[in-house]
Amino acid sequence: MATFVEHPGEPDFLRRLMLDNPWWDGITDDVVHNLPERAFFKRFWNAIERGDGDKKAVLLTGPRGVGKTVMLRQAVSQLLDGDTPRRHVCYVSLEHPLFLELDISRLPRLLRASRGISADHPLWLFIDEVSYQRDWEAQLAKLLQADPMLRVVAVSALAPNAENRSHLTTLFLPPFSFAEYLGQQGIKPADVLPEPPNAGRFTTDVPDGLIELNRLFEDYINEGGFHDRNGEAGAIHRSLHSDLPGLHGISSPSDLHRLFVLLAYNTGAEFSIETLARELDLAKNTLRRYLEYLESAWLVRRLERIDQDAKPFQRAVAFKVHLIHPGLRSGLIGGRAEGEDTVTRLVETAIQTQFLASSTGMESLFYARWGHYEVPFVFLDRRSGTPLFAYHCMWRDDAIRKPKEVRALVNFKTSHDLPLGAFVLTKAQWHGGKLGGEPMRFEPASVLALRIGLEFSQL
């Protein structure tokens, strides 16, 4: 006897939506009322207001665990606090198993029919975890085309395909900057930023407050980038152990995990596709696809290489890979980083994290390597290609007095004006001076990270 198999239908979808949208029945959504807003929320809300005019979907993307869903719910709350009718606002999470059966192109028609919203009135659709829908970028485009009065705000744990995003206004929500992490701890960043010593040459003086700031910075690089306690481990688990990799063409999750472990353990190291493929015994095309997924899931980020003349290579072979936040390494291995070399690489990764709050910062940061020389960070003016500043990191207390210790930075400074400075990032040294005849600024990495975060939080 044949078995009759039932599938969820529209009544089931609507019952679930009633639970997820309590404001339809006049009930206040208490989920987000007591949660603080991230500084980024103002930028997100401004994009939503502008999107109401240009008819594009607003997409918020970023790593797992940085508060995208909370921010989406806060946007719903702010919209409801205005004069938008409550029945015109719908929140749906496509991560819920029930909605894996849903063709989202049917959703506007279903909502308008069930909520009594005519086609000439706006309908707001807030879609969480939109990347759980196959070809989700194209699906969003179809939604907008099918319903001219539809306003879509979506959250994705994956970056959109560069070739299919003309209908999207995309914003990236980064992990916490050091400044934001301090704010989450109830510490005003300006209150713990030490006064720079009044010294134009080498000094062993340690400014008041720097030891405590360094302690906070070490906490930050081990566990300070995400909303929840153990958020780093959660971000890894939800990105690698969910259905997402399989939905997006990853045929061997175990190989994806091996690649991530290698990159996480060696964050800030230089690689090539050839060396990675050989190390993991993977085909190059497979390796490329897996690396692209890790970047799309905002777990790692590649830095492009330039030469001593600050020019990109015609055939780019080598690249650096940084974790999106250094705490992911601690989340992976389950302990704090130890050893000067390891902590130095995590400090470098933390510096690049500070630039993620700005699209300009993300697009302008490179590393320079030629011969045996390397400058970990060079910031270029994208219009002219002129290097504006450069960093070399040495996380230690003892003095840096010999040019050979930072010879690459000295040589690079000789070739370029670097109007915003050549910096040697230290643990405790903070002074001006010269190395190899070139002016250098020695500054604690914790201070610089805090300054960058404060500056970009104002953008």
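For the structure, check the block above.
Here the structure is a predicted model, which is why all the values come from computation and not from measurement.

Caption draft 1: The packing of helix H1 (residues 10-20) against helix H4 (residues 107-115), seen in detail. Packing of H1 against H4 leaves a shortest axis separation of 11 Å and a crossing angle of 75°. Classified by the interaxial angle, the pair formed by H1 and H4 is roughly perpendicular. Residues Glu10, Phe13, Leu14, Leu17 and Met18 of H1 pack against Leu107, Arg109, Leu110, Leu111, Ser114 and Arg115 of H4. Considering only residue class, the contact of H1 with H4 consists of seven nonpolar, one polar and three charged.

Caption draft 2: Just the packing of aromatic side chains, in detail. Counting across every chain of the model gives 18 aromatic pairs. An angle of 50° between the planes, with centres 5.6 Å apart, marks the rings of Tyr181 and Tyr220 as tilted. Note that Tyr181 is positioned in helix H6 (residues 178-184) and Tyr220 in helix H8 (residues 210-223), a separation of 39 residues in sequence. Taken as a pair, Tyr181 and Tyr220 share a single burial class, namely buried. Plain terms: the ring middles of Phe355 and Tyr391 are 6.5 Å apart, the flat faces sit at 40° to each other, and that makes the pair tilted. Of this pair, Phe355 sits in the loop between helix H15 (340-354) and helix H16 (359-364) while Tyr391 sits in strand S12 (residues 387-393); the two residues are 36 residues apart in sequence, bridging distant segments of the chain. Assigned by exposure class, Phe355 and Tyr391 land together as buried. Counting every residue linked through ring pairs, the aromatic cluster contains Phe178, Tyr181, Phe217, Tyr220 and Trp395. Stacked on the ring of Tyr91, the Lys or Arg Arg73 has its end atom at 4.5 Å from the ring centre.

Caption draft 3: Representation of the sheet that holds strand S1 (residues 57-61) within the structure. Spatial strand order, S2-S3-S4-S1-S5: five strands in an open sheet with parallel pairing. In the strand order of this sheet, the two ends are held by strand S2 (89-93) and strand S5 (168-172), each with one partner. Here the average twist between neighbouring strands, direction ignored, is 15°. Where strand S3 (residues 123-128) meets strand S4 (residues 150-156), five bridges bridge the pair, whose relative direction is parallel. Counterpart to Leu125 in the pairing with S4 is Val152. Packing of helix H3 (residues 68-81) onto the sheet brings it into contact with S1, S2, S3 and S4, and relative to S3 it is tilted by some 165°.

Definitions and cut-offs
- Residues numbered from 1 in each chain as written.
- Predicted model: local features only at pLDDT ≥ 70, side-chain atom pairs only at ≥ 80, totals over all residues.
- Heavy atoms only, no water.
- Axes fitted to C-alpha atoms, helices over the stretch in contact; angles between N-to-C directions.
- Helix = DSSP H or I, 4+ residues; strand = E, 2+ residues; numbered from the N terminus.
- Parallel < 35°, antiparallel > 145°, perpendicular 65-115°, else oblique.
- Contact = heavy atoms within 4.5 Å.
- Nonpolar A, V, L, I, M, F, W, Y, C, P; charged D, E, K, R; others polar.
- Phe/Tyr/Trp six-rings, centres within 6.5 Å; stacked < 30°, edge-to-face > 60°.
- Buried < 20%, exposed > 50% of the residue type's maximum accessible area, 1.4 Å probe, protein only.
- Lys NZ or Arg CZ within 6 Å of the ring centre and 35° of its normal.
- Pairing = 2+ DSSP bridges.

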